[in-house]
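Chain residues, written in single-letter form:
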Amino acid sequence: MRKINILVSFGTRPEAIKLAPVIRYIKKQNHKFNLMVCSTGQHRQMLIQVLNLFEIKPDIFLDLMTENQTLTLLSSKLFDKMGKVISDTNPDIVLVQGDTTTALLTALIAFYRKIKVGHVEAGLRTYDKYSPFP
């Protein structure tokens, strides 16, 4: 049976916190899955604390954040760098979490390449599409 290639992508502290148990579980299932963990470094300093706490060592660390960077510039960097990561790792599934620029663009790039996307914690919690955040 062929192992499933999974790419987990995150860039912020909340993403890493919520994906940590998912990463841990996938690692324990190494007879079923090949796991690649990619951090974009969208919130580098706050993210490092969480990576250390949960003992997560990204296989790929893009370190895209720069001082006073706009979301437009981050987005253009993400399109370029994450596109290369996805091409190089050739995942069967890409996992993202949250509503960050990292999650949005990683999922979009995977979609463009016809790769399945899993979104942890997807869906509205208030059932009001005009005010989706509790």
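Residues numbered from 1 in each chain as written. Predicted model: local features only at pLDDT ≥ 70, side-chain atom pairs only at ≥ 80, totals over all residues. Heavy atoms only, no water.

A word on the pairing of strand S4 (residues 93–97)
For step 1, the next point in the chain: Summarising burial for S4: four of the five residues are buried, a large majority.
For step 2, the next point in the chain: Relative to strand S5 (residues 116–120), S4 is paired through five bridges, and the arrangement is parallel. Residue pairing across strands places Gln-97 opposite Val-120, the latter belonging to S5.
For step 3, the next point in the chain: Note on the crossover from S4 through helix H4 (residues 101–112) to S5: the handedness is right-handed. (Buried < 20%, exposed > 50% of the residue type's maximum accessible area, 1.4 Å probe, protein only. Helix = DSSP H or I, 4+ residues; strand = E, 2+ residues; numbered from the N terminus. Pairing = 2+ DSSP bridges. Right-handed = clockwise from strand over helix to strand, strands pointing away.)

A word on the sheet that holds S5
For step 1, the next point in the chain: With respect to topology, five strands assemble into an open sheet ordered S3-S2-S1-S4-S5, the strand pairing being parallel. At either end of the open sheet lies a strand with only one pairing partner, and these are strand S3 (60–61) and S5.
For step 2, the next point in the chain: Here strand S1 (residues 4–10) runs beside strand S2 (residues 33–39); their pairing, made up of seven bridges, is parallel. Looking across to S2, one finds that Asn-5 is bridged to Asn-34.

Here we look at the nonpolar core
For step 1, the next point in the chain: Cys-38, Leu-62, Met-82, Val-85 and Ile-86 are the most contacted members of the largest nonpolar core, which totals 18 residues.
For step 2, the next point in the chain: Looking at this core, the elements that each hand over two or more residues are helix H3 (71–89), S4 and H4.
For step 3, the next point in the chain: Not counting chain neighbours up to four residues away, the residues in contact with Leu-62 comprise Cys-38, Ser-39, Thr-40, Lys-81, Met-82 and Val-85.
For step 4, the next point in the chain: By size, the runner-up hydrophobic cluster in this structure holds 16 residues, among which are Ile-23, Val-37, Val-50 and Leu-95. (Core = buried A, V, L, I, M, F, W, Y, C linked by side-chain atoms within 4.5 Å. Contact = heavy atoms within 4.5 Å.)

Remarks on the packing of H3 against H4
Any two packed helices are characterised by the angle at which their axes cross and by the distance between the axes.
For step 1, the next point in the chain: Their axes nearest at 9 Å, the elements H3 and H4 cross at an angle of 45 degrees. One finds that H3 runs oblique with respect to H4. You can see that H3 and H4 cross each other, and the crossing is right-handed. Residue-level inspection shows Leu-71, Leu-74, Ser-75, Leu-78, Phe-79, Met-82, Gly-83 and Ile-86 of H3 in contact with H4, the latter providing Thr-101, Thr-102, Leu-105, Thr-106, Leu-108, Ile-109, Ala-110 and Tyr-112.
For step 2, the next point in the chain: Looking at the contact of H3 with H4 residue by residue, the classes come out as 11 nonpolar, five polar and no charged. (Axes fitted to C-alpha atoms, helices over the stretch in contact; angles between N-to-C directions. Parallel < 35°, antiparallel > 145°, perpendicular 65-115°, else oblique. Left-handed = near helix turned anticlockwise from the far one by under 90°. Nonpolar A, V, L, I, M, F, W, Y, C, P; charged D, E, K, R; others polar.)

Some words on the packing of aromatic side chains
For step 1, the next point in the chain: Under the counting rule described, the total for this entry stands at one aromatic pair.
For step 2, the next point in the chain: Between Phe-111 and Tyr-112, the aromatic rings sit 6.3 Å apart at their centres with planes inclined by 50 degrees, giving tilted as the arrangement. Like Tyr-112, Phe-111 is exposed. (Phe/Tyr/Trp six-rings, centres within 6.5 Å; stacked < 30°, edge-to-face > 60°.)

Focus: helix H1 (residues 13–28)
For step 1, the next point in the chain: Helix length check: H1, at 16 residues, gives a terminal C-alpha distance of 23 Å against a target of 22 Å (1.5 Å per residue), a fit within 8%.
For step 2, the next point in the chain: The axis of H1 is deflected most strongly, by about 40 degrees, at Leu-19, and proline Pro-21 appears within four residues downstream.
For step 3, the next point in the chain: Three or more residues of H1 are buried, namely Glu-15, Ala-16, Leu-19, Ala-20, Ile-23 and Ile-26.
For step 4, the next point in the chain: Looking at the packing, one finds that the buried side of H1 touches S1, S2, helix H2 (44–53), S4, H4 and S5. (Expected span 1.5 Å × (residues − 1). Bend = angle between axes of the 7 residues up to and from the residue.)

A look at the side chain of Gln-97
For step 1, the next point in the chain: The residue Gln-97 is located in strand S4 in this model.
For step 2, the next point in the chain: When its relative accessible area of 3% is taken as the criterion, Gln-97 is described as buried.
For step 3, the next point in the chain: Those residues in contact with Gln-97 that sit more than four places away from it in its chain are Pro-14, Glu-15, Lys-18, Leu-19, Ala-103, His-119, Val-120 and Glu-121.

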